Amino acid sequence: MPRATVMEAFTAALPGTARGEDSRTALATLLEELSDAGTLRLPHGQRKKWDAGHPALPEQIRLPAATPRKPAPVTARRSYRPELDWGHTAYLTSAHHEDLALINRWFRDTSNRPDVRVPIPLRERSYEIFQDEKRLDGLISGALFAPGRLTLEQLGTFREPPPLAYRLLGDGDTLLVAENSDTYATLRDLLTPNPGRTRGVAFGSGRAFEASIETVKEIHGIQRIVYYGDLDPEGLSIPARASVTATQCGLPSVEPASALYDLLLSHASTPGQMVSDERAHTLTAWLPPRLRKRTHEVLLSGRRIAQEATNRNQLAGDATWCP
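The rules behind these values
- Residues numbered from 1 in each chain as written.
- Predicted model: local features only at pLDDT ≥ 70, side-chain atom pairs only at ≥ 80, totals over all residues.
- Heavy atoms only, no water.
- Helix = DSSP H or I, 4+ residues; strand = E, 2+ residues; numbered from the N terminus.
- Buried < 20%, exposed > 50% of the residue type's maximum accessible area, 1.4 Å probe, protein only.
- Contact = heavy atoms within 4.5 Å.
- Areas by Shrake-Rupley, 256 points an atom, 1.4 Å probe, with all protein chains shown as cover.
- Lys, Arg positive; Asp, Glu negative; His and termini not counted.
- Charge placed at Lys NZ, Arg CZ, Asp CG, Glu CD.
- Pairing = 2+ DSSP bridges.
- Axes fitted to C-alpha atoms, helices over the stretch in contact; angles between N-to-C directions.
- Parallel < 35°, antiparallel > 145°, perpendicular 65-115°, else oblique.
- Domains from an automatic or database assignment.
- Right-handed = clockwise from strand over helix to strand, strands pointing away.
- Core = buried A, V, L, I, M, F, W, Y, C linked by side-chain atoms within 4.5 Å.
- Phe/Tyr/Trp six-rings, centres within 6.5 Å; stacked < 30°, edge-to-face > 60°.

Helix and strand content of the chain: 13 helices and nine strands. When the backbone C-alpha atoms are referred to their principal axes, the chain occupies close to 75 × 50 × 35 Å. Out of the 323 residues belonging to the chain, those deemed buried represent 45%. Sequence-distant contacts, at least 24 apart, represent 70% of the contacts inside the chain between residues at least 6 apart. With an accessible surface of roughly 16,700 Å², the chain has 51% of that area assigned to carbon and sulfur atoms. The centroid of the 39 positive side-chain charges in the chain is displaced by 5 Å from the centroid of its 39 negative side-chain charges.

Shown next as structure tokens:
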């Protein structure tokens, strides 16, 4: 698929993000996420197939070949309600049909009960249908929820973002988010006496922050969201992905806590995960230019620096890191 087609799909799916000033970084981040999930393949290791921008974008991507499927045999077909009519002809496994049978029963039993179909959170609806509160979590990214099939709206449900743990400290406009719990506690305690511009400190809890960032809308007065995490592939991809979610929700984009990362880069690195040159460029694009080269070198060498390296004693003796 050529890049022009990728850009058209990006603009159609996320028009606000595609027209924003961070659109290139957002697209590169999303492509890497889809690549990690096996949805597409990027030309890693083939420099000529990437443009010269920062972060680099592929000139084309590869999609898995679609293997023609035959509809299920007539003897295996079930009787489904109109909402699930597509289930008669779609290629589905026996496990899919077992799930559809339970959903079909829910549609049948609630067809004349609008009070039951009033939207409730995803895991509550999942328990109601399957007696398994996590079943819908595993289904919504699969075949049953492909375009033209099931939607959360049909099931009267929605994804409730996980709560974000935070402590309000002052009257500023900045929320400082730490990836890990001990660093969160250190930043909270050190900023409490004199928070300056910091309104609150939050515990991102790793990848949970990619979803919990939506709840920042509930914190009055936040104009900046500043993030501090590990210098490794996951620690850099979390804020980049969260930033895409933030802009979709009308929140400010997620900025790096540059002064804290400056201090972190003064520490020795430890063994980590090897990444390609293109992946390293995508990951470091979220950082300010002055930090990219050093971080890129750490990633390419298959090493990492945990944020806990900047411990409480160091930060207590150096006020330059305050947001």
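Quick look at the pairing of strand β6 (residues 224–228) now. Counting buried positions along β6 gives five out of five residues, so the element sits mostly inside the fold. Neither face of β6 is left uncovered, since the one carrying Arg224, Val226 and Tyr228 and the one carrying Ile225 and Tyr227 both have all their residues buried. Here strand β4 (residues 174–178) runs beside β6; their pairing, made up of five bridges, is parallel. Residue pairing across strands places Val177 opposite Tyr227, the latter belonging to β6. Relative to strand β7 (residues 254–256), β6 runs parallel, the two sharing three bridges. The residue of β7 that forms the bridge with Tyr227 is Pro256.

For the pair helix α4 (residues 94–110) and helix α5 (residues 122–130), interaxial distance at closest approach is 9 Å and the crossing angle is 100°. Taken together, the axes of α4 and α5 are roughly perpendicular relative to one another. Residues Asp99, Leu102, Ile103, Arg105 and Trp106 of α4 form the contact with α5, whose participating residues are Arg125, Glu128, Ile129 and Phe130.

Time to look at the domain arrangement of the chain. Segmentation of the chain into domains returns domain 1 (3–49), domain 2 (92–158) and domain 3 (165–317). Placing the centre of domain 1 and that of domain 2 at their C-alpha centroids yields a distance of 30 Å.

Glancing now at the pairing of β4. Burial within β4 is extensive, with five of its five residues counted as buried. A two-sided burial pattern is seen for β4, the buried positions comprising Thr174, Leu176 and Ala178 on one face and Leu175 and Val177 on the other. Running through helix α7 (residues 181–191), the crossover from β4 to the neighbouring parallel element strand β5 (residues 198–203) is right-handed.

Turning our eyes to something else, we now look at the nonpolar core. One broad trend across soluble globular proteins is that nonpolar side chains are buried collectively. The biggest cluster of nonpolar side chains holds 44 residues, and the ones touching the most others in it are Leu187, Phe209, Ile213, Ile225 and Tyr261. When residues of this core are traced back to their parent elements, those giving at least two are β4, α7, β5, β6, α9 (233–248), α10 (258–264), α11 (277–284) and α12 (289–300). Apart from the residues within four sequence positions on either side, Leu187 is in contact with Leu176, Ala178, Val201, Tyr228, Leu260, Leu315 and Trp321. With 21 residues, the next largest nonpolar core counts Leu92, Trp106, Ile129 and Leu150 among its residues.

In this model, His54 is joined to Pro55 through a cis peptide bond whose omega is 0°. Assignment of secondary structure puts Pro55 in the loop between α3 (23–36) and α4. Look at Gln131: it is not a glycine, yet its phi comes out positive at around 60°. Mapped onto the elements, Gln131 comes out in the loop between α5 and α6 (135–139). Residue Ser205 is not a glycine yet carries a positive backbone phi of 60°.

Let us now look at the sheet that holds β4. What the five strands build is an open sheet, ordered β3-β5-β4-β6-β7; its pairing is mixed. Across the chains shown, the open sheet's two edge strands, defined by having one partner strand only, are β3 (165–168) and β7. Adjacent strand axes in the sheet meet at a mean angle of 30° when their direction is disregarded. The pairing of β4 with β5 spans five bridges and is parallel. Bridge pairing in β5 places Leu176 opposite Val201. Contacting β3, β4, β5 and β6, α7 crosses the sheet at an angle of about 160° to β5.

Let us now look at the side chain of His296. Relative to the helices and strands, His296 is located in helix α12. Leaving out residues up to four positions away in the same chain, His296 has contacts with Asp277, Ala280, His281 and Thr284.

Let us look at the packing of aromatic side chains. Considering all chains together, one arrives at six aromatic pairs under this definition. Consider the rings of Tyr184 and Phe203, whose centres lie 6.2 Å apart with planes at 35°: the pair is tilted. In this pair, Tyr184 is assigned in helix α7 and Phe203 in strand β5, connecting sequence segments 19 residues apart. The exposure class assigned to Tyr184 is buried, which follows from its relative accessible area of 11%.

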